[in-house]
Amino acid sequence: MTADLLAPRGTRTGRRAPWALMYHSVADRRAGDPYLVTVDPERLGRQLRWLARHGLTGVSMRELLAARARGRAAGLVGLTFDDGYADFLTEAVPRLRHHGCTATVFVLPGLLGGTNSWDPDGPRKALLTADDIRAARSAGMEVGSHGMLHRDLTTLDDVELDLELTRSRALLAEITGVEPDGFCHPFGALDRRTLRATRRAGYRYACAVDPGPLACTHALPRTYVGHADNSPRLHAKRLRHRMRGGDLADPIAVPQGGDA
Ligand SMILES: [Zn+2]
């Protein structure tokens, strides 16, 4: 009885949301960080060591979902980096590789080599170029779409919505040679209409932040990780996911797309 009560919700249905962490930028924070999207490189290293100490390996969402569908996701945690900052390649990738981890980076094909213009108050941060995206993929990282221009999809009309989803997917396929499996909802904003459009655009999964009752394969919840997340805070977040991580409305399917 006890074991049953302690089993995370959804375990028996196979619909429990897997644990996935959400990062953004990995850089020196002295330039300012009003949106709390930046983790110092050294802190990322410590967080990856914390995962290893607890028997966890960080992997891309694609690897996580494929392992999950085979019933082999124990010990895996999804690592995601939103917005496609240039520092993903220079700061995050070397540390991920050092710790034997992979990750998914969600990039903006409409802003290649641009900056985070959607954050009016933050320091300008450079975004990955097409060459950088190819380099990240060559380093074993998964590349997914974050839309064209980092727009709140729920505010767009059907034509603009479709453009953000399908055009960004096609551009990424041109850049990498492989259609991306994954999408990440900008600002975590979604509703039933944008979810339907995400599925229709061909994505096999999509990441959200806290989708509540809309949680499903195309609105996977993630745990925010920031610079303040030291060992006790990571413990608390892991526990919170185990106790309160939601169930998904659908069983997770195996991603079928590219090889990374
Ligand atoms: Zn974003």
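- The name an unreviewed UniProt entry gives the chain is Polysaccharide deacetylase, with Actinacidiphila guanduensis as the organism.
- Of the comments in the UniProt record for the chain, the one headed Subcellular location (unreviewed entry) reads "Secreted".

Details of the overall build of the chain
Turning to step 1, where the next piece is worked out: Within the chain, the regular secondary structure consists of 8 helices and 10 strands.
Turning to step 2, where the next piece is worked out: Its C-alpha atoms give the chain a radius of gyration of 17 Å, within 12% of the compact-globule value 18 Å for 260 residues.
Turning to step 3, where the next piece is worked out: For the C-alpha atoms alone, the extent of the chain along its principal axes is close to 55 × 40 × 35 Å.
Turning to step 4, where the next piece is worked out: In the chain, which comprises 260 residues, the share counted as buried stands at 44%.

Notes on helix α3 (residues 61-69)
Every α-helix carries 3.6 residues per turn, so stepping three or four residues along brings you back to the same face.
Turning to step 1, where the next piece is worked out: All buried positions along α3 are accounted for by M61, R62, E63, L64, L65 and R68.
Turning to step 2, where the next piece is worked out: Where α3 terminates, the next one or two residues include G71, which has phi positive at roughly 75°.

Details of the environment of E91
Turning to step 1, where the next piece is worked out: For E91, the position within the fold is in helix α4 (residues 87-98).
Turning to step 2, where the next piece is worked out: For E91, a count of 21 C-beta atoms within 10 Å corresponds to the buried category.
Turning to step 3, where the next piece is worked out: For the pair E91 and G45, spaced 46 residues apart in sequence, the C-alpha to C-alpha distance is 9.9 Å.
Turning to step 4, where the next piece is worked out: The contact partners of E91, leaving out residues within four places of it in the chain, are V26, A27 and P41.

Thoughts on helix α5 (residues 130-138)
Turning to step 1, where the next piece is worked out: For α5, every residue scored as buried is listed here: D132, I133, A136 and R137. Buried residues in α5, looked at end-on, bunch into an arc of 140°, giving them a common side. For α5, the exposed residues lying more than 90 degrees away from the buried face are D131 and S138.
Turning to step 2, where the next piece is worked out: Downstream of α5 by a residue or two, G140 has a phi angle that is positive, lying close to 95°.

Comments concerning the nonpolar core
Turning to step 1, where the next piece is worked out: Counting residues in each nonpolar core, the largest one holds 63 residues, and the members touching the most others are F88, V105, A136 and A206.
Turning to step 2, where the next piece is worked out: Those residues in contact with F88, other than ones at most four positions away along the chain, are V26, F81, V93, V105, L128 and A136.

Some remarks on the packing of helix α6 (residues 158-176) against helix α7 (residues 192-200)
Turning to step 1, where the next piece is worked out: The N-to-C vectors of α6 and α7 enclose an angle of 40°; their axes lie 9 Å apart at closest approach. Of the possible angle classes, the one that applies to α6 and α7 is oblique. In the crossing of α6 with α7, the sense of the turn from one axis to the other is right-handed. Residues L161, D162 and L165 of α6 form the contact with α7, whose participating residues are T194, A197 and T198.
Turning to step 2, where the next piece is worked out: Per-class residue counts for the contact of α6 with α7 are 3 nonpolar, 2 polar and 1 charged.

Examining the pairing of strand β5 (residues 76-82)
Turning to step 1, where the next piece is worked out: Burial analysis of β5 places 7 of its 7 residues in the buried class, the great majority of the element.
Turning to step 2, where the next piece is worked out: Residues L76, G78, T80 and D82 line one face of β5 and the alternating positions V77, L79 and F81 line the opposite face, and both faces are buried.
Turning to step 3, where the next piece is worked out: Pairing of strand β1 (residues 20-23) with β5, which is carried by 4 bridges, proceeds in the parallel orientation. Among the inter-strand pairings, L21 is bridged to a residue of β5, identified as L79.

Quick look at the environment of T102
Turning to step 1, where the next piece is worked out: Residue placement: T102 occurs in the loop between α4 and β6 (104-107).
Turning to step 2, where the next piece is worked out: Its 22 C-beta neighbours within 10 Å are what place T102 among the buried residues.
Turning to step 3, where the next piece is worked out: Considering only alpha carbons, one finds T102 and P251, 149 residues apart in sequence, at a separation of 24 Å.
Turning to step 4, where the next piece is worked out: Excluding residues within four positions of it along the chain, T102 makes contact with V59, S60, E63, L96, G140, M141 and E142.

The rules we used
Residues numbered from 1 in each chain as written. Predicted model: local features only at pLDDT ≥ 70, side-chain atom pairs only at ≥ 80, totals over all residues. UniProt positions renumbered as here; feature names shortened; annotations may be inferred. Helix = DSSP H or I, 4+ residues; strand = E, 2+ residues; numbered from the N terminus. Rg over C-alpha atoms; globule rule 2.2 N^0.38 Å. Buried ≥ 20, exposed ≤ 12 C-beta atoms within 10 Å, placed from the backbone. Contact = placed C-beta atoms within 7 Å. Arc of directions from axis to C-beta. Core = buried A, V, L, I, M, F, W, Y, C linked by C-beta atoms within 7 Å. Axes fitted to C-alpha atoms, helices over the stretch in contact; angles between N-to-C directions. Parallel < 35°, antiparallel > 145°, perpendicular 65-115°, else oblique. Left-handed = near helix turned anticlockwise from the far one by under 90°. Nonpolar A, V, L, I, M, F, W, Y, C, P; charged D, E, K, R; others polar. Pairing = 2+ DSSP bridges.

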